[in-house]
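# Observations on chain architecture
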Amino acid sequence: MRILARSPRNVLARRLLVLVATLAIATTGLLGADTTVAEAQSSTASEMEHEFFTLLNDERTARGLAALDADSGMAGIAHDWSGVMSTTHLHHRPDLLEQVEARVTTEWTRIGENVGRGGSVATLHQAFMDSPTHYDNVVGRYNRLGVGVVLSGSTIWVTFNFLEGPALAETAAVSPTHPTFTDVAQDAYFYGAVDWAWKVSITTGTTDTTFSPNGGVTRAQAVTFLWRAAGSPTSGTHGFTDVVPGSYYDQAVAWASTAGITTGTSPTTFGPHLTVSRAQMVTFQWRAAGQPASGSHPFTDVEAGSYYEPAVAWAAEQGITTGATPTQFNPMSGVTRGQSVTFLWRAAGTPTV
């Protein structure tokens, strides 16, 4: 670990102690398995940032430490630096102090940085946990964190920027505001749902400026959305061989399997990258809600006695869905990202945050 103390140049005369540690990992060691490449290709950078953040806070919670707050200023610095590394090489930001002074508006006393590259979130996270200097930053005295991920082919470049300062609740900072997704119009039926889902960390955009509301949803993403909406409960284990250990959806699949929300595509496979239909999505939600009894529905294309019929009836009765038309549900059509977060938002009572 490199320790650097400097006299701060800002008028607030902040005390600085920068703790940084470089994570140099051989690419061949992390990209040898097809599963790691598949993860890098199927998850967005924003989803990986969320996953890294969750894993770090899980580690702190396991040690009885307070969770780190998300710091948008530090996240911006981290994302920019990951982009630089993706076009150069793995190294620490030489102007970290200057960047923090220019872009973080609250008081602070200490900053730190971890950087790394690899083929999957799970492998990188474990490497950080196995390195004493990096682990010290994760479980140290910091209380705020910014995570930046940039994907270059199948390689993940990540920067963690840690900061010690007043809790964000004690400053003018508030919970993250909805980013300007250029493909989410304010008059779209899913606008409120996207805003809610982003703010409560159920899902992120597919890029910094797009949500891709018409994009499909995989089985891994669907159960992860549900798991996060349920408060990310702890659960047991699963026996699916195609679920990457430590992946963003690993705990969600275990929860969904244990809770009877899904049984997988076979006794040993979950099919995480298969897309989900509208029938499957409302069925997952219905099962997560405890399979409540319901009345009838108006949809002529919902097969009587099908596995999804009671779920569709419940969703229609609860106002979770109004169908593709007044008489058509389109059960076999793929559910979109816009539809999936809207179903969850309506089930939660259309909250505003």
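This report concerns the structure included in the present document.

Criteria and cut-off values
Residues numbered from 1 in each chain as written. Predicted model: local features only at pLDDT ≥ 70, side-chain atom pairs only at ≥ 80, totals over all residues. Heavy atoms only, no water. Phe/Tyr/Trp six-rings, centres within 6.5 Å; stacked < 30°, edge-to-face > 60°. Buried < 20%, exposed > 50% of the residue type's maximum accessible area, 1.4 Å probe, protein only. Helix = DSSP H or I, 4+ residues; strand = E, 2+ residues; numbered from the N terminus. Contact = heavy atoms within 4.5 Å. Axes fitted to C-alpha atoms, helices over the stretch in contact; angles between N-to-C directions. Parallel < 35°, antiparallel > 145°, perpendicular 65-115°, else oblique. Left-handed = near helix turned anticlockwise from the far one by under 90°.

Under the definition given, this model contains 10 aromatic pairs. Judged by centre distance (4.9 Å) and plane angle (80°), the ring pair of tyrosine 189 and phenylalanine 190 falls under edge-to-face. Note on tyrosine 189: relative accessible area 45%, which makes it partly exposed. Using a relative accessible area of 9% as the deciding quantity, one classes phenylalanine 190 as buried. Put simply, the rings of Phe52, Phe128, Tyr142, Phe160 and Phe162 touch in pairs and so form one group of aromatic residues.

The subject of this paragraph is helix H11 (residues 278–288). With 8 of 11 residues buried, H11 lies mostly within the body of the structure. Where H11 is buried, its residues touch helix H9 (219–229), helix H12 (309–317) and helix H13 (337–347). Backbone geometry just after H11 places glycine 290 at a positive phi near 95°.

Running from N to C, helix H4 (residues 72–87) and helix H5 (residues 96–103) cross one another at 140°; their axes reach a closest spacing of 9 Å. By the criterion of interaxial angle, the relationship of H4 to H5 is oblique. For the pair H4 and H5, the sense of crossing is right-handed. Packed against H4, whose contacting residues are Gly73, Met74, Gly76, Ile77 and Asp80, the element H5 presents Leu96, Gln99, Val100 and Arg103 at the interface.

A negative phi holds for most residues other than glycine; trans holds for most peptide bonds. Even without being glycine, serine 201 reaches a positive phi, approximately 65°. Structurally, serine 201 can be placed in the loop between helix H8 (191–199) and H9. Backbone geometry at serine 232 places phi at a positive 50°, although glycine is not the residue there. With a relative accessible area of 33%, serine 232 lands in the partly exposed category.

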